[in-house]
Structure formats: structure tokens, C-alpha cells
Amino acid sequence: MRKYFEFDKLGTNYRREIIAGITTFLAMAYILAVNPFILSGADLPPDLKANYPEFGAVFTATALAAALGTLLMGILGRLPIGQAPGMGLNAFFTYTVVLTMQIPWQQALAGVFLSCTIFLILSLTGVREAIIKAIPQSLKYAVSAGIGLFIAFIGLKNAGIIVANDATFVALGHLTFYHEGMKPEEILAAKNALLAVFGLIVTVILLSRKINAGIFIGMLITAITGMFFGLVNLPEQIVSAPPSLAPTFGAAFQYLGDPSALFTMNMLIVVLTFLFVDFFDATGTLLGVANQAGLLREDGNLPRPGKALASDAIAGMAGAVLGTSTTTAYVESTAGVAAGGRSGFTAVVTGSMFLLALFFSPILAIVTPAVTAPALIIVGVLMASHIAKVAWDDLDEAFPAFLTILLMPLTYSIATGIATGFIVYPVMKVMKGKAREVHPAMYVLFFVFLAYFIWLRE
């Protein structure tokens, strides 16, 4: 095993790799609570929850997809990188595909499976490099930043920090419960909003002090505080058998064999969005983490790039079958690298921890919107940092990027933001006499997304 994972070449050992693997798991563990919360529509009104998969089944699917994806990355890709259902992609799945487009969650899972299948083909055929060159850098950064703002907005809304307002569309929620005449439900909402603010402050402090598991620990502290004030339920037990996977397992297959459900404009946009976001997120994360670990080759590429990306794609396909949104590489893996992880054995340890976590599902009783909100907001902040990389001094680059970023939270749709950016970008270039600078693939996507606005909005 030492020889397979190249311990001597990488200057590592079992102790260092085990510590790194556990560190990566703790940095990623929040997804075990946040992903089921988002995909099950836990923050939505009761009459809508029937349109979403069961919380327990999604938890099991999340843990299994994370375990499988991370083990694949460790054994096949031999990189110290963890995988799990991606933030942003899960929000797109729930709030755009299911809630806004009114696509059944089973059909949405079929879209995830199809997008990951395409990702696998692209990874194995070497087309990846051509696609990366076709999409402008400014739009890549804008998509990531826009998703960050969208996720943060969801967290603020779920916590009641931001609320609806007839005059201004949105406004600051009740952050005090001392006003006379407040209704009991308004007082409860104010208490939960303040709990979320407290959790956000705690999490920010933890992360600013370079505590790798800051998001996970922040959620725990928020939940315990909520229990003390009667806002969070105390779990009745700690350990139990994993929740049944039956409600979600294989649900995608009922649509995968139905061409009339798959080959529609709505599904084309869904598949393209899943593919674009996963493709660039995975590629960027793999390169970033590998660079921090000093694992990149002299030409700046990943060692075994095909196997690493194939591991990501296969994990996504398996996750769709299990019942969760797209599984992808996690930037939180840098925590394990900082702890000394250098080989795929780090990922093997992390994957094993996700399997162990299957037996602690009762703890999820502490998950409330106030508990998950700080995690969503912080992840949003981290993703929004890509705003700084946009070429703001070049208007034909900046304007499409700006619209992409702005429209994701304002329209409550990642797809709308991406579509707008991909339509405006070639138009701006043509108007400025730079038509030849635009890759031909961008013109094809221009018409695809234009059709999305024409037919989807009818």
C-alpha cells in the first residue's frame, strides 16, 4: 500500500495521512446536514415538501455518494481530495429546477446522471482542454461568484435575516423581539434570526483563526446554543441504522428511458448548467488543491488527469442513482493538505469517515434553517471571492460577468444568470469588433440559451 500510494516519493507516512484524512472530513462534514436540508426542501412550506425527496434518504445518499466519490479519487486518482454533493449545484437542483421550472425531482436526478455521463466522456476523450479554452475566463469566474451570492442569499432568507417586503421586494427581518404587539410567530422568527447571526459570527471567528473544521464546529455551537434557548430539538438518540435509501434509489431511471422527458429545452438547459458548473468547479478545485500539495507536473497539469476527472464523473453518476445532486471535488480538501496529506490514502481515510457517519443520522434532528444558514452564507462568501478575478476594466468582459453574477440571486435562478451571460458576451464582442476572439462554441451556446428564454418563458 505504501508503494501504491507512493509514500516514499511524496515524503509522507500513515500517521500524517490519517490525520489529514480526518481533517478533510471535518472540514467537509457540514454537507451531511446541509445537502439533505436543501434537497428535501426542508425550508419550504409543508404543501410543497411532497414534491421533494425524503430527508433521511437524501442523507444516506449524500453520505454514500461522498464516500464512493472520495474513495474513487483516492484509489483511482491517487489524490488527497474529498468529494461530496456540491454546494450551488444542490441549490440549483432544488430552487431552480424543481421549484421554479417545476421539473419532478426524479427527472432532475436523470439530468444529473446525463450531465455526469457527458462529463465522463469528455474526461476520457481529452475534449476537456478544448472546452476549457472555449469558455471565457471572466464568465467562469462570474458563474462561481454568482452561485456564491445565490447561496448566501438562500442562507439569509432561510434564517429570516432577509424577508419579503411588498414595497421593496426584500428587507431586513426582525432582529429583536422586544417590540410591543409582536405576534408569537414573529417573536420565534426573530429568535431564530438572532441565532443564525450568532452562528455566523462564531463561524467567521473560527475560520479567521484558521480552524479547518470551522464551518462544522460553528454549526455544532449554533445548534447547542439553540437547544439551550429552546429553538433546536435535542436528538432522542445518537447512533442508529442509516435511513432507508428506497425513496430515492434508482428514481432517475424512470426518466432516463423516456426521450420525451429528456430531450426538451428545459432539460437541455438543466443538463448544460449541471455540466458547466461541475466541469469548471471540478477542474479548478483539482488543480488548486493539487498545486497546494505540490503535486502538479512540470507542465502545470494534474498527474493522471483522466483518472481524477473520471473519478469525479463516476461519483456524480453514482450519486444521481443514489438520489443526490452532482457530486464534485471539494476545495475544503486544502485543510487536509495543510495537515500534511499528500497521497490518495488521505482520501481513503476521508471516504471511510463518510461511511462511518451513516450511523449518526439522528444527530440531524438539530438541523434547522438557523443552524444551516451560517454555513450557506460562509460558503457563499468563499465562492464570491472569484469576483476579484473578473477583468472589470474591460467592459465587454465585465458587463456579461456582472449580469451573470447579479441575476442569479435576483431571479433566484443559476440557469438564468448563466444564460444571460452567455447571450450577452458574444453580442458585446461583436459590437466592439472582436467577433473573431469569440470561440465558435460560444456562438452555438448563444442560440441555445436564446431559445431557452424564448420557449421556457412561454
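The structure under discussion appears in the preceding block.
Rules used in this analysis
Every chain begins its residue count from 1, and numbering advances along the sequence as written. In view of the model being predicted, local features appear only for residues whose pLDDT reaches at least 70, and side-chain atom pairs are presented and counted only at 80 or more, with totals across whole chains, interfaces and linings using the full set of residues. Values shown for side chains rest on all heavy atoms present in the structure; no hydrogens or waters enter the calculation. Strands are runs of DSSP state E lasting at least two residues, helices are runs of H or I lasting at least four, and both sets are numbered from the N terminus onward. As defined in this context, the radius of gyration uses C-alpha atoms, and a globule is described by 2.2 Å times the residue total to the power 0.38. Think of it in three bands: residues with accessible area under 20% of the maximum for their type are buried, residues over 50% are exposed, and the middle band is partly exposed, with areas taken using a 1.4 Å probe on protein chains only. Any pair of residues with heavy atoms lying within 4.5 Å of one another is described as a contacting pair. Areas reported as accessible are Shrake-Rupley estimates using a 1.4 Å probe. Residue values count occlusion only from the protein chains shown. The charge count treats Lys and Arg as positive and Asp and Glu as negative. His and the chain ends do not count. Taken as the charge location is NZ of Lys, CZ of Arg, CG of Asp or CD of Glu. Remark: nonpolar core denotes a set of buried residues (Ala, Val, Leu, Ile, Met, Phe, Trp, Tyr, Cys) joined through side-chain atoms within 4.5 Å. Orientation is described by lines fitted to C-alpha atoms, with helices fitted over the stretch in contact, and by angles between N-to-C directions that extend from 0 to 180 degrees. Reported orientations rely on four angle classes, namely roughly parallel under 35 degrees, roughly antiparallel over 145, roughly perpendicular from 65 to 115, and oblique for the rest. Helix crossings fall into two classes, left-handed where the near helix is turned counterclockwise from the far one by less than a right angle and right-handed where it is turned clockwise. Under this grouping Gly is polar, as are all residues other than the nonpolar Ala, Val, Leu, Ile, Met, Phe, Trp, Tyr, Cys and Pro and the charged Asp, Glu, Lys and Arg. For this analysis, a ring pair means two rings from Phe, Tyr or Trp (six-membered ring only for Trp) whose centres lie within 6.5 Å, classed as stacked if their planes differ by under 30 degrees, edge-to-face if by over 60, and tilted for the remaining angles. Only Lys NZ and Arg CZ are tested; either one counts as a charge over a ring when it is within 6 Å of the ring centre and within 35 degrees of the ring normal. Strand pairing is defined by DSSP finding a minimum of two bridges between the two strands. By definition, a salt bridge exists where a carboxyl oxygen of Asp or Glu is found within 4 Å of a side-chain nitrogen of Lys or Arg. Polar contacts here mean pairs of N or O atoms no more than 3.5 Å apart (in protein, one a potential hydrogen donor and the other a potential acceptor; neighbouring residues in sequence count only if both atoms are side-chain atoms).

J.: Explain the overall build of the protein here, please?
T.: Scanning the protein for helices and strands turns up 21 helices and four strands. Relative to a compact globule of 458 residues, whose C-alpha radius of gyration would be 23 Å, the protein shows 22 Å and is just as compact. C-alpha extents for the protein along the principal axes are approximately 65 × 60 × 45 Å. Burial status across the protein gives 56% buried among its 458 residues. Considering only contacts in the protein between residues 6 or more positions apart, those separated by 24 or more positions represent 79%. Summed over its atoms, the accessible surface of the protein is roughly 19200 Å², and 67% of this surface lies on carbon and sulfur atoms. Between the mean site of the 25 positive side-chain charges and the mean site of the 25 negative ones, the protein shows a separation of 11 Å.

J.: Would you mind going over the nonpolar core with me for this structure?
T.: One broad trend across soluble globular proteins is that nonpolar side chains are buried collectively. Ranked by size, the top nonpolar core spans 121 residues in total, and within it Y30, M87, F93, L286, F422 and F449 carry the most contacts. Considering every element that reaches this core, the biggest residue donor is helix 14 (residues 265–292), with 14 residues. Not counting residues within four places of it along the chain, the set of residues in contact with Y30 comprises M87, I215, F216, M219, Y330, E332, A375 and V379.

J.: Please explain the packing of helix 7 (residues 105–125) against helix 14 as it appears in this structure.
T.: The description of two packed helices rests on the angle between their axes and on the distance between the axes. Across the interface, helix 7 lies against helix 14 with an axial gap of 9 Å and an inter-helix angle of 50 degrees. One way to sum up the angle between helix 7 and helix 14 is to call them oblique. Two packed elements cross with a definite hand, and for helix 7 against helix 14 that hand is right-handed. Residues Q107, A108, G111, V112, L114, S115, C116, I118, F119 and L122 of helix 7 form the contact with helix 14, whose participating residues are M267, V271, F274, L275, D278, F279 and A282. Classifying every residue of the contact of helix 7 with helix 14 gives 13 nonpolar, three polar and one charged.

J.: Just checking my understanding: could you explain the packing of aromatic side chains for this structure?
T.: Both the distance between ring centres and the angle between the ring planes are used here to describe each pair of aromatic rings. Applying the stated criterion across every chain yields a total of 18 aromatic pairs. On the numbers, 6.0 Å between centres and 80 degrees between planes, the contact of F7 with F345 is edge-to-face. In this pair, F7 is assigned in helix 1 (residues 7–10) and F345 in helix 17 (residues 344–357), connecting sequence segments 338 residues apart. Taken individually, F7 and F345 each receive the classification buried, so the pair is uniform in this respect. Of the aromatic side chains, those joined through ring pairs into one cluster are Y4, F5, F7, Y14 and F345. The side chain of R78 reaches across the aromatic face of Y4, ending 4.8 Å from its centre.

J.: When you look at the side chain of T283 in this model, what are you seeing that I'm missing?
T.: Topologically, T283 is positioned in helix 14. Residue classification places T283 among the buried positions, given a relative accessible area of 8%. Dropping the residues within four chain positions of it, T283 is found in contact with R128, I132 and L309.

J.: Could you clarify how one ought to interpret helix 3 (residues 31–39) in this entry?
T.: Judged by how many residues are buried, helix 3 sits mostly within the fold: nine of nine residues are covered. Looking at helix 3, one finds that the buried residues are I31, L32, A33, V34, N35, P36, F37, I38 and L39. Count one or two residues on from helix 3 and you reach G41, which has phi positive near 65 degrees.

J.: Sorry, what's going on with the environment of G21 here?
T.: Within the secondary structure layout, G21 lies in helix 2 (residues 14–28). Among the residues examined, G21 registers a relative accessible area of 0% and is labelled buried. Between the alpha carbons of G21 and F345 there is a distance of 7.8 Å; along the sequence they are 324 residues apart. Residues contacting G21, with those up to four places away along its chain left out, are T346, V349 and T350.

J.: In this structure, what is going on with the pairing of strand 2 (residues 162–165)? I would like to understand it.
T.: Side chains on a regular strand alternate between the two faces of the sheet. One ladder, built from four bridges, connects strand 2 with strand 3 (residues 169–172); its direction is antiparallel. Bridging from a neighbouring strand, N165 pairs with F169 of strand 3.

J.: It is not clear to me how the pattern of salt bridges should be interpreted in this structure. Could you clarify?
T.: The final tally for this structure, using the stated rule, is seven salt bridges. One salt bridge in this structure joins D8 and R2, with 3.0 Å as the shortest N-O distance. For D8, a relative accessible area of 65% gives the class exposed. Among the residues examined, R2 registers a relative accessible area of 36% and is labelled partly exposed. Of the charged contacts, one joins K434 and D396 as a salt bridge, the two residues approaching to 3.5 Å between their closest N and O atoms. Separated by 38 residues along the polypeptide, K434 in the loop between helix 20 (414–431) and helix 21 (440–456) and D396 in helix 19 (residues 395–411) bring together distant segments of the chain. A single salt-bridge network, built from bridges that share partners, covers D394, D396, E397, K429, K432, K434 and E437.

J.: Teacher, can you tell me more about helix 6 (residues 89–98) here?
T.: Side chains three or four residues apart in an α-helix point the same way, a direct result of the helix having 3.6 residues per turn. In terms of burial, helix 6 is largely enclosed, as ten of its ten residues are buried. All buried positions along helix 6 are accounted for by L89, N90, A91, F92, F93, T94, Y95, T96, V97 and V98. Of the surrounding elements, those touching the buried residues of helix 6 are helix 3, helix 7, helix 9 (137–159), helix 14 and helix 20.

J.: What exactly am I supposed to notice about the side chain of E397 here?
T.: The residue E397 is located in helix 19 in this model. At 2.9 Å, the side chain of E397 and the side chain of Y425 are in polar contact.

J.: Help me understand the environment of A451, please; the structure alone is not making it clear to me.
T.: On the secondary structure map, A451 appears in helix 21. A451 sits in the buried class, given a relative accessible area of 9%. It is 7.7 Å that separates the C-alpha atoms of A451 and M265, two residues lying 186 residues apart in sequence.

J.: Before we go on, may I ask you to explain unusual backbone geometry in this structure?
T.: Leaving glycine out, the prevailing phi sign among residues is negative, and the prevailing peptide bond configuration is trans. Unusually for a residue other than glycine, R78 sits at a positive phi of about 55 degrees. Mapped onto the secondary structure, R78 falls in the loop between helix 5 (55–77) and strand 1 (83–85). One non-glycine residue, R304, lies in the positive phi region at around 55 degrees. Relative to the helices and strands, R304 is located in the loop between helix 14 and helix 15 (305–322).

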